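Residue-level structure breakdown
Each chain, written out:
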Amino acid sequence: MRTLVANEVRKIRRERFVWAVLVLNVVPFALVVANHAVNGGEPTPDRFYFTFHNQYTMVLPLVVCATVAACFHTEFRNGTYFEWLTCGRSRPALWAAKLAVACSLVVLMAAVNHVGLVVFFLVENPGAGILRMSAAYWLLVGVSIASVALLCALLTLVTRNVVIVNVFGIGLTVATLVFMAADFSYVIPTCFAYRISLGMIVPDAAYPDPAQALTAGWAVTALSLVLPLAANLAFVTRRRYLR
């Protein structure tokens, strides 16, 4: 497995999309810091993080979709999909290595924002609740990656088209923005990730019925993992190869 992951890392190192997605990833943090510097205001740490949290929620699904789609589409673009699946290694392991590298790359990009947040709060307000904000941030990132990455991988394998996957990411972002404030938004995993993580910072943003929201939200999130996982494995292990 280590060899497969290393092979995928070598493929990604040659791709320019990494830098474009990294820029997209840091735009929300850069905008919030720039607004803070230009306006000369001194918002409370919670207010500053609330603004960043909202803006990053708009970008994160796109970052996940673009990264996963690009990693899987490499085989189609290079015409090596058939060779990739028939190289003598377990096909689920080949697929898992590619997904692991894609998700790890998203985590590394998210870590860049986290380092920026920590440095900002240490400089501007050393007494800010950095641990609480860090927990909220990584909860948002973790649930978003888990609920989006597998579906993006499946879409890429089925459609072989990164544009379709990225359009899906845009649609998911729009749906998140439209329904994030609704009491039933826990049926959309990205909305659920937004609300439960933000509720750690702004209690008023939590669901009015936390027990129902958490039960249904985690159930939907689990389904968004299990169903695409099964579909991905069924697709890459089927007997018919697609050239």
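Above this text you will find the structure in question.
Scope of this entry: the structure provided in the associated data block.

Quick look at the packing of helix α8 (residues 189–198) against helix α9 (residues 210–237) now. With their axes 9 Å apart at the nearest point, α8 and α9 run at an angle of 135 degrees to one another. In terms of their interaxial angle, α8 and α9 are classed as oblique. Our pair here, α8 against α9, has a crossing hand that is left-handed. For the pair α8 and α9, the contacting residues are Pro-189, Phe-192 and Ile-196 in the first and Ala-213, Leu-214, Gly-217, Trp-218, Val-220, Thr-221 and Ser-224 in the second.

For the structure shown, the criterion picks out one salt bridge. With a closest N to O distance of 2.8 Å, Lys-98 and Glu-75 form a salt bridge. Here Lys-98, found in helix α5 (residues 91–124), pairs with Glu-75, found in helix α3 (residues 45–77); they are 23 residues apart in sequence, far enough to count as distant. Of the two residues examined, Lys-98 and Glu-75, each falls in the buried class.

On to helix α6 (residues 130–159), then. With 30 residues, α6 should reach 44 Å at 1.5 Å per residue; the first-to-last C-alpha distance of 42 Å fits that figure. Helix geometry: α6 is bent most strongly at Val-148, by close to 30 degrees. At the exit of α6 stands Arg-160, carrying a positive phi of roughly 60 degrees.

Per the counting criterion, the structure on display carries 13 aromatic pairs. An angle of 55 degrees between the planes, with centres 6.1 Å apart, marks the rings of Phe-179 and Phe-184 as tilted. In this structure Phe-179 comes out as partly exposed when scored by relative accessible area, which is 33%. Taking the relative accessible area as the measure of exposure, Phe-184 reaches 45% and is therefore partly exposed.

End to end, helix α7 (residues 162–179) covers 26 Å across 18 residues, agreeing with the expected 26 Å (1.5 Å per residue, within 8%). Every buried residue of α7 is accounted for by Val-165, Gly-169, Leu-172, Thr-173 and Thr-176. Relative to the axis of α7, the buried residues are bounded by an arc of 100 degrees and lie together on one face. In α7, the exposed positions angled more than 90 degrees off the buried face are occupied by Val-163 and Val-178. Residue Asn-161 occupies the N-cap position of α7, its side-chain oxygen lying 2.8 Å from the main-chain nitrogen of Val-163.

Cut-off values and rules
Residues numbered from 1 in each chain as written. Predicted model: local features only at pLDDT ≥ 70, side-chain atom pairs only at ≥ 80, totals over all residues. Heavy atoms only, no water. Axes fitted to C-alpha atoms, helices over the stretch in contact; angles between N-to-C directions. Helix = DSSP H or I, 4+ residues; strand = E, 2+ residues; numbered from the N terminus. Parallel < 35°, antiparallel > 145°, perpendicular 65-115°, else oblique. Left-handed = near helix turned anticlockwise from the far one by under 90°. Contact = heavy atoms within 4.5 Å. Salt bridge = Lys/Arg side-chain N within 4 Å of Asp/Glu carboxyl O. Buried < 20%, exposed > 50% of the residue type's maximum accessible area, 1.4 Å probe, protein only. Expected span 1.5 Å × (residues − 1). Bend = angle between axes of the 7 residues up to and from the residue. Phe/Tyr/Trp six-rings, centres within 6.5 Å; stacked < 30°, edge-to-face > 60°. Arc of directions from axis to C-beta. Polar contact = N/O pair within 3.5 Å; in protein donor to acceptor, adjacent residues only side chain to side chain.

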